[in-house]
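Working through the structure, step by step
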Amino acid sequence: MKLEELTSKSIGLVLSGGGVRGIGHIGMLKALKEYGIEASMVSGSSAGALVGALYAGNSSIEEMIAFFKETPLFKYNFLTINKPGLVDTNRYFDIFNTYIPFNTFESLHKPLYVTATNLEKGVEEVFYKGDLIIPLLASAALPPVFSPVEINSVMYADGGIMNNFPSEPLKGKADYIIGSNVSVIKPITKKEITSSFQLASRTTSLMVYAINREKIRSCDIIFEPMDLEKIGVFEKSGIEKAFKIGYEHACKVLDALLK
């Protein structure tokens, strides 16, 4: 593939969920920018939806990183006893709106598709018009830590529950699909599964990956930085490391693909 092909065609960008590992998306975006590659539209779940919104709002790489560094994962006065979940997700509204100062999807600079899970019907739903911040909160509301978010009196939670790699909204709309999957799976040894928590974490990761594997493989270009698996989903101290891993991996992939 030639660089001229990518820079002259419309590109759809798919960003997976993955918690703090989602910072790897930002490193990937820096690499794309250095190669002069820009997406025309974005689709994302959970952390991928947040990075997608920042990107669609023309935030700089530095602003994207600042958003994740300065948004607290756990804050004492955000805890709740009146809602299911440990943290009241709606308390993040002002923080999100500070870094993503757009009230609606239509006011963004690029089309954005945000996936969230309708807990009541048990289906995924894609938001792409109207109010912006509330669907973003819903898409990133990973249970049981964060409380569900109500939209039109319906409870919504993390988009990655039903679709962690939402490429569907971009089908037929873009010439090329570039995917960034930060919910990576690496082979491990039996010594790494010694507790119930490790077992649950491993099996959940395998199920999420299995559901999305064919969609990931069908992308024209896919970024899957395997070293991100070393970083915990809620490990805020891993932000800089995740960014570096995402950037260096994307540079290697693009070098091999285009040169």
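Scroll up to find the structure.
None of these values were measured; they are calculated from a predicted model. (Residues numbered from 1 in each chain as written. Predicted model: local features only at pLDDT ≥ 70, side-chain atom pairs only at ≥ 80, totals over all residues. Heavy atoms only, no water.)

A separate point is the overall build of the protein. When helices and strands are tallied, the protein shows 8 helices and 8 strands. The C-alpha atoms of the protein give a radius of gyration of 17 Å, which matches the 18 Å a tight globule of 259 residues would have. With the C-alpha coordinates of the protein rotated into their principal frame, the extents come out at 55 × 50 × 35 Å. Considering the protein as a whole, with its 259 residues, one finds that 50% of them fall into the buried category. Taking the intrachain contacts of the protein between residues at least 6 apart in sequence as the baseline, contacts between residues at least 24 apart amount to 74%. Total accessible area on the protein stands at roughly 12500 Å², and carbon and sulfur atoms take up 55% of it. When the 27 basic and 28 acidic side-chain charges of the protein are each reduced to a single mean position, those positions are 6 Å apart. (Helix = DSSP H or I, 4+ residues; strand = E, 2+ residues; numbered from the N terminus. Rg over C-alpha atoms; globule rule 2.2 N^0.38 Å. Buried < 20%, exposed > 50% of the residue type's maximum accessible area, 1.4 Å probe, protein only. Contact = heavy atoms within 4.5 Å. Areas by Shrake-Rupley, 256 points an atom, 1.4 Å probe, with all protein chains shown as cover. Lys, Arg positive; Asp, Glu negative; His and termini not counted. Charge placed at Lys NZ, Arg CZ, Asp CG, Glu CD.)

Right, let's get into a nonpolar patch on the surface. Together, Leu119, Ile161 and Met162 make up a nonpolar patch on the protein surface, roughly 230 Å² of accessible area in all. Assignment of secondary structure puts Ile161 in the loop between strand S6 (154-157) and strand S7 (176-180). (Patch = residues over 30% accessible without salt bridge, like charges linked within 9 Å, V, L, I, M, F, W, Y side chains within 5 Å. Salt bridge = Lys/Arg side-chain N within 4 Å of Asp/Glu carboxyl O.)

For the pair helix H4 (residues 61-70) and helix H8 (residues 239-258), interaxial distance at closest approach is 11 Å and the crossing angle is 145°. Between H4 and H8 the crossing geometry is right-handed. Where H4 approaches H8, its residues Ile61, Ile65, Phe68 and Lys69 are matched on the opposing element by Ile239, Glu240 and Phe243. Each residue belonging to the contact of H4 with H8 can be placed in one class, and the counts come to 5 nonpolar, no polar and 2 charged. (Axes fitted to C-alpha atoms, helices over the stretch in contact; angles between N-to-C directions. Left-handed = near helix turned anticlockwise from the far one by under 90°. Nonpolar A, V, L, I, M, F, W, Y, C, P; charged D, E, K, R; others polar.)

Before going further, it helps to spend a moment on the pattern of salt bridges. Per the stated rule, a full pass over the model turns up 8 salt bridges. Note that Glu240 is salt-bridged to Lys69, the shortest N-O span being 2.4 Å. Pair noted here: Glu240 is in helix H8 and Lys69 is in helix H4, with a separation of 171 residues, a long-range link. We classify Lys69 as partly exposed; its relative accessible area is 39%. The salt bridge partner of Asp227 is Lys230, with a shortest N-O separation of 3.9 Å.

So, on to the packing of helix H2 (residues 23-34) against H8. To characterise two packed helices, one gives the angle between the axes of the helices and the distance between these axes. Interhelical geometry of H2 versus H8 gives an angle of 40° and a closest axis separation of 6 Å. The orientation of H2 relative to H8 falls into the category oblique. Here the hand of the crossing between H2 and H8 comes out right-handed. Contacts between H2 and H8 pair Ile23, Gly24, Ile26, Gly27, Met28, Lys30, Ala31, Leu32 and Glu34 from the former with Ile239, Ala242, Phe243, Gly246, Tyr247, Ala250, Cys251 and Leu254 from the latter. Taken together, the residues of the contact of H2 with H8 break down into 12 nonpolar, 3 polar and 2 charged. (Parallel < 35°, antiparallel > 145°, perpendicular 65-115°, else oblique.)

Before going further, it helps to spend a moment on the side chain of Thr89. Tracing the backbone through its elements, the reader meets Thr89 in the loop between H4 and helix H5 (93-99). Sequence-distant contacts of Thr89, defined by excluding residues within four places in its chain, comprise Leu137, Ala141, Phe146, Ser147 and Val149.

Looking at the element boundaries, Ser196 is found in helix H7 (residues 196-217). Each C-alpha atom of the pair Ser196 and Ala116 lies 28 Å from the other, and the pair is 80 residues apart in sequence.

A few words now on the packing of aromatic side chains. Here the structure, examined in full by the defined rule, presents 8 aromatic pairs. Centre to centre, the rings of Phe67 and Tyr99 are 5.6 Å apart; their planes meet at 70°, and the pair counts as edge-to-face. Taken together, the residues Phe67 in helix H4 and Tyr99 in helix H5 connect sequence positions 32 residues apart. Classification of Phe67 by relative accessible area gives buried; the value is 1%. Ring centres 6.0 Å apart and planes at 75° place the aromatic pair Tyr92 and Phe146 in the edge-to-face group. Linking Tyr92 in the loop between H4 and H5 with Phe146 in the loop between helix H6 (133-139) and strand S5 (149-151), this pair joins segments that are 54 residues apart in sequence. Of the two residues, Tyr92 and Phe146, both sit in the buried class. Cluster of aromatic residues (ring-pair linked, three or more members): Phe67, Phe68, Tyr92, Phe96, Tyr99, Phe146 and Phe234. Looking at Lys30, its charged tip hangs above the ring of Tyr247, at a distance of 4.7 Å from the centre. (Phe/Tyr/Trp six-rings, centres within 6.5 Å; stacked < 30°, edge-to-face > 60°. Lys NZ or Arg CZ within 6 Å of the ring centre and 35° of its normal.)

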